[in-house]
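In case you want the letters, here they are:
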Amino acid sequence: MQECIFCKIVNKEIPADVVYEDEEVLAFRDINPQAPVHVLVISKAHHSDLAAAVRADAGLVARTLAALTGIAKDLGLEETGHRVVVNTGEDGYQTVQHLHFHLLGKRRLAWPPG
Ligand code: 5GP
Ligand code: ZN
């Protein structure tokens, strides 16, 4: 997946502000943050979207979410609350085709989303 920007971040070909890393999971700050805390949590393995990832390796998706909850705690988002978002496809406004969980917090978020 040479052309995938998040694979390039995983491979350290382009820099990112990494907040968490293990063998399978990487989390880094979004380049265009929509909240005071806006972190993208991804599996290092490339999967294009949530459905593809679940089909290929549902356990990996679960472990990525487990890492996300730990990151939320470490960033102080457990007490204040936060939002986890997975944009999917065109209507979901997915712009990077490597599954990523947006973790947003430290401001009161509106609902419904725009
Ligand atoms: P999507 O629209 O696919 O749900 O979200 C993609 C996110 O990736 C956007 O919030 C965008 O700001 C972020 N993003 C795109 N390119 C880069 C990059 O090179 N570095 C970082 N840190 N974030 C990026
Ligand atoms: Zn990728």
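Just so we're clear, the structure is a prediction, and the values are computed from it rather than from any experiment.

Participant: Provide a residue-level description of the site of ligand 1, including the pertinent values.
Facilitator: The local shell around ligand 1 holds 16 residues, among which Asp30, Asn87, Thr95, His100 and His102 are the closest. Here an oxygen atom of ligand 1 and a side-chain polar atom of Asn87 are 2.8 Å apart. The separation between an oxygen atom of ligand 1 and a polar main-chain atom of Thr95 is 2.7 Å. Protein chains shield 84% of the accessible area of ligand 1, which is 520 Å² for the free molecule.

Participant: Can you break down the sheet that holds strand β2 (residues 25-29) residue by residue, with the values?
Facilitator: A sheet is described by the order of its strands in space; here five strands give the open sequence β1-β2-β3-β5-β4, paired in antiparallel fashion. Taken across any chain shown, the strands that pair with only one partner, and hence form the sheet edges, are β1 (18-21) and β4 (82-85). Across the sheet, the mean angle separating the axes of adjacent strands is 20° when strand polarity is ignored. Against the sheet, helix α2 (residues 50-74) touches β1, β2, β3 (37-43), β4 and β5 (100-105), its axis set at about 25° to β5.

Participant: How would you sum up the packing of aromatic side chains? Please name residues and give values.
Facilitator: Summed over all chains, the structure comprises one aromatic pair. A centroid spacing of 5.3 Å and a plane angle of 80° characterise the contact between Phe6 and Phe28, whose relative ring orientation is edge-to-face. Taken together, the positions of Phe6 in helix α1 (residues 5-10) and Phe28 in strand β2 put the pair 22 residues apart, joining distant regions of the chain. A residue is classified by how much of its surface remains accessible, and Phe28, at 2% relative accessible area, is buried.

What counts and what doesn't
Residues numbered from 1 in each chain as written. Chains lettered and ligands numbered in written order. Predicted model: local features only at pLDDT ≥ 70, side-chain atom pairs only at ≥ 80, totals over all residues. Heavy atoms only, no water. Near = heavy atom within 4 Å. Polar contact = N/O pair within 3.5 Å; in protein donor to acceptor, adjacent residues only side chain to side chain. Areas by Shrake-Rupley, 256 points an atom, 1.4 Å probe, with all protein chains shown as cover. Pairing = 2+ DSSP bridges. Helix = DSSP H or I, 4+ residues; strand = E, 2+ residues; numbered from the N terminus. Axes fitted to C-alpha atoms, helices over the stretch in contact; angles between N-to-C directions. Contact = heavy atoms within 4.5 Å. Phe/Tyr/Trp six-rings, centres within 6.5 Å; stacked < 30°, edge-to-face > 60°. Buried < 20%, exposed > 50% of the residue type's maximum accessible area, 1.4 Å probe, protein only.

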